[in-house]
Each structure stands twice: as C-alpha cells, then as structure tokens.
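Analysis of the macromolecular model
Here is what each chain is made of, one letter per residue.
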Amino acid sequence: MFYTTHSSRRKSDAAALPALALTLLLSAISGQAHAADTFGSYAKPYAATSYWNSMPVAPVLGNSGIPTSQYYPLVGESSSSTGVFQAKSTDGPVVVTSDDGGPWDPDSGTRHDVTIPHWPADTKPAAGGDGHADIIDPIAGVVYSFWLLKYDQGRWKAEQVTWSKLDGGGWPDPAHYYQGSRAAGVASSAGLIRTAEMTDGQPYFHHALTMSMTNNGLSAKPTYIFPATSADGNAATTNTGPFPEGGLMMLPASFDAQALSNPMLRRVAETLKRYGAYVTDRNYGTPYEIYAEIGSGFDLNKNGWDQAAANDLEKMRVAMRQVVSVGGWVDGNGATFTPDNNLNILSMRGKWQAQSSMPVAPFDTMQQGVVFPAAPTQAVQMNNWNQGLPVTTWGIPAPGTKMRVTAVTTGGGKFRLRATNGSGTLFDTNNMDNGQYVDIAWPGPGTSYWLYATSAVNQVSSVSVTVKKAP
C-alpha cells in the first residue's frame, strides 16, 4: 500500500526535496494548463483525486527491474486494449445476455441479464481474446466495462459486466470489490491513452497509464496490492516475478526521455516519470504492454517494424521500477491532498430471506443496497450468508480494530448488524436510521454476521451500510 508519509527513505531528505519541489512545480503548471478539463466526464474519467489522475510526490523506487520475455515490450493500441464508446441520451437501451443465465456480475455474485440504458450504436468489442469494450454514460454517471462482449444472432452477449462511478476513484473498494474487466478489478478504459490526447500537443499525458505484464514479471505472493482488489485466478500458481497487480511502475526522474528516438514514446516516458503506470492485467510473453484506445492510431509500427522504437521500449524496460513509498500526492487540479483510503468493507450482497410476509427485495448493485417498493405493510428481511464481507487481502480489519457501522438509508428504511460466535452475540447495532452509527470492535475469525433490512410503509425505501475505521 502507498503511504502519504514515511519516517525513513532510502535516500536523504536533502535529495528528496528537489524532487518534491520539481513535482509540485510541474503539477502547478499542469493544473494551470488543464484548468478547463472536467473530471468525471467521457473525456477525463474519474475524480481529480483519483489515483488515475493524481501525481505522486517524491516517489521512492524499488530495486527490481522488469525481466525480458519472449517479445519486445508494447505501447499503443492492440486487440488486447479497448474501445471507449460515449452514450448519449438519444441512445436506446440494450439487454446484454449470455448463453449461461446472463453475464456474471461479480458485485452481486450472480448471473443475470443486464440492461444498459443508453447503448451507443458504434459499440464494438476488441478483437482480442478478452473482447473488451467500455461504455461511458455521462447521463447515468457510470462506466460500464465488458469482458468477452460479442454480437451474436441478433443479441449482445457478454461473459461479465461490471460498472464504476464516472466521478469516483476509478478503483474498487473492499465492498464493491470488482468494478471493471481488467484482472485488477478496474475498467479496461482506466488509464488508457485516449484518441483525443494523441493530438493535444502536450509533452506528456496528464494521468497515470495502465499496463499489463507477463508471468515472469507478475508476482505470486502477493498477487495484488492496494489499490487493486483482485488478480488473475491462477496468479498464485503461475506467476514468478516481483510485481503485484495494483503496483505503480515509474521511470526515475533522471531518465532522459528526450533521448528516445520515437516522439510518441518520449511522451509516454515523460508520463512514466510523473504519473507512472499501474499494473492491471496479465498478458502472454510481453514484458510490459501499455494500452492506447482502439482507434487512436497509436501504432509504433504502422510503416513496418521500427527497430529504433523497439530499442526505446527496451531502454524504458531496463529503467522502470515499482514505487515503494511516496511523500504525498498532487491531484489533477494541481493541489496537494491526502487520499481517503478509509474505504467501506461491507456489502449488502448475498441471499436475503424474508422475516415477514412481504416478498424479498434483492440486492441492487447500482444502488449498493436493498430497495423496497412502496407497500402498506412493513417488510423485514435478513442476510447471514456473509458474502458481503471483504474478499480483499488488505481490506479485512485486524481483530479488535475500532470500526464504525453507519446506516445509509432512504425513505425511512432501517439497517441492523448483529455478530455472533459460539459464545453468543458479540454485538448488535439494533435498527438504525439514515446516518446513525455504532462503533464496534471488529471480531476475530469464526464470527457470523447477520444483516437486517427493514422497509418503510407506503413509500419506496432503500437500505445500505458503510463499515469503516472509526475516527
């Protein structure tokens, strides 16, 4: 995990100060130059404080380099990348289905058909084996990310559909732990070199990039680190390298990007010196691949094999390192800030059972809660499947950690959390209205958690919760 402060560094404070001053100066220039940019939009997804849009201050780099593999590194658009399609209010809905009960929805843990409210007519999946495509819907404020998308016999089908908030952080949290079609849990469009950036005249791209590595670069333990929440399913048994998914890779400040022969790679290298690239996926046989949007025209070999560009990619491979700590962060507007890494760990997903005569209201992934229709009788339902607990290695609180349970409800709904073990009840928050909270000591292993949702009467209501470290 990144830390905003650290007591010791592998270089002296005197050496770090010039880097800090340079970073702040560059970020101020960046903020002035891009004051008109709108974060959380089709052109610039996610918040200004997203790690995708933020620059690390005085990063300290590790020692391990990216190993060679079967092929040269890659930068540009490829069949493993994705197209990014903008939804408009005039675009009609499309139901995405599959031959196996609907696409997999990791957030709810179920398969079901998914209705996309605004489907761009030009949507086209990537030709590679992952069949990536992302739809950015500014009307709904959502980024939809598809895996194995295809148009088959008059229907759109996908193996997996996920979503993230367009104005959010661009990374999952332990509760909504999978928000994209990359192995790290992020949208395949996050960190892309976009088509519009190709001709904007800037010396570097004003966001972190996204990259994949092959098995001998990716690590088996850990397979991922913060801010990633996942990795490839067999990563622990097939990876042999030093770098976990979620790791931030950078070129050192001393790297001479302007000495590279290819002008586009100079821009990439300058970006890697300032923002870096997050490891989000695995490829086959390529030391690293940095992705550009399909249709962007970013092709280093459009006029035939370019050995000079391949040599540049190798120079970057030799110099690139993982960030092991940072002195701070500068957001997309050029302001220093401390990231809020106190993330929700509890989801409302799982199987709900009626505790009254009313029908069960299921988990609604878009609202991250249970939504009750208006009814003349109050409904009470319970979920003790414990599927909403964090599945991330870094999201599980240590036993005894002081946690704050806060009800997030609308329309008069109520939330309750109870924990039990073999000795009986450990704690019970009782019913809580919206905004009410209870501080608890997080129990240890062997605990069962019982979630309760209670509806309002004669009006639509919803019930959700956040569980975060208490102040």
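Residues numbered from 1 in each chain as written. Predicted model: local features only at pLDDT ≥ 70, side-chain atom pairs only at ≥ 80, totals over all residues. Heavy atoms only, no water.

Side note on the environment of T237
The condition that has to hold: Where helices and strands are cited, they refer to DSSP runs of H or I of at least four residues and of E of at least two residues respectively, numbered from the N terminus. Three exposure classes are used, based on accessible area relative to the maximum for each residue type with a 1.4 Å probe and protein chains only: buried under 20%, partly exposed in between, and exposed over 50%. Between N or O atoms, a polar contact is any pair within 3.5 Å; within protein, one atom must be a potential hydrogen donor and the other a potential acceptor, and residues adjacent in sequence are included only when both atoms are from side chains.
Mapping T237 onto the fold places it in helix α2 (residues 235-238). Judged by its relative accessible area of 69%, T237 falls in the exposed class. Linking T237 and S219, residues 18 residues apart in sequence, is a C-alpha distance of 9.7 Å. A distance of 3.1 Å separates the side chain of T237 from the backbone oxygen of N234, its partner in a polar contact.

Let's talk about the sheet that holds strand β29 (residues 448-454)
Condition: Each pair of strands is called paired provided DSSP finds at least two bridges between the two strands.
Pairing in this open sheet of five strands is antiparallel, and the strands run β21-β24-β29-β26-β27 from one edge to the other. The sheet terminates laterally at β21 (353-354) and β27 (424-428), the two strands that pair on one side only. Where strand β26 (residues 414-421) and β27 come together, four bridges link them in antiparallel fashion. Bridge pairing links T420 to T425 in β27.

A closer look at the nonpolar core
Formally: Think of a nonpolar core as a cluster: buried Ala, Val, Leu, Ile, Met, Phe, Trp, Tyr and Cys residues, connected wherever their side-chain atoms sit within 4.5 Å.
Counting 34 residues, the largest nonpolar core has W52, W171, Y278 and W329 as the members making the most contacts within it. Breaking this core down by element, the ones donating at least two residues are β1 (55-57), β15 (248-250) and β19 (328-330). Core analysis: the next-biggest nonpolar cluster, separate from the first, contains 32 residues, F205, V279, Y288 and M320 among them.

Details of the confidence of the model for the protein
The condition is simple: For every residue, the predictor states its confidence as a pLDDT score lying anywhere from 0 to 100. Contacts are assigned to residue pairs with any non-hydrogen atoms lying within 4.5 Å of each other.
With 92% of its residues at a pLDDT of 70 or more, the protein has an overall mean of 93. Taken element by element, the protein is modelled with least confidence in helix α1 (residues 13-33), mean pLDDT 42, and with most confidence in β15, mean pLDDT 99. For residues 1-35, every residue scores under 50 in pLDDT, and the model assigns this stretch 52 contacts once sequence neighbours within four places are set aside.

Section: the pattern of salt bridges
The condition is simple: Any carboxyl oxygen of Asp or Glu within 4 Å of a side-chain nitrogen of Lys or Arg constitutes a salt bridge here.
Taken as a whole and assessed by the stated rule, the structure comprises 17 salt bridges. A salt bridge links E159 to R111, with the nearest nitrogen and oxygen atoms 2.3 Å apart. In this pair, E159 sits in the loop between β12 (155-157) and β13 (160-165) while R111 sits in strand β7 (residues 110-111), placing the two residues 48 residues apart along the sequence. Note that K273 and E270 form a salt bridge whose closest N and O atoms lie 3.9 Å from each other. Taken together, the residues K273 and E270, both in helix α3 (residues 263-274) and three residues apart, mark about one turn of the helix. Take E270: its relative accessible area is 10%, and that puts it in the buried class. Look at the salt bridges and you will find they share partners, linking D99, D152, R155 and K157 into a network.

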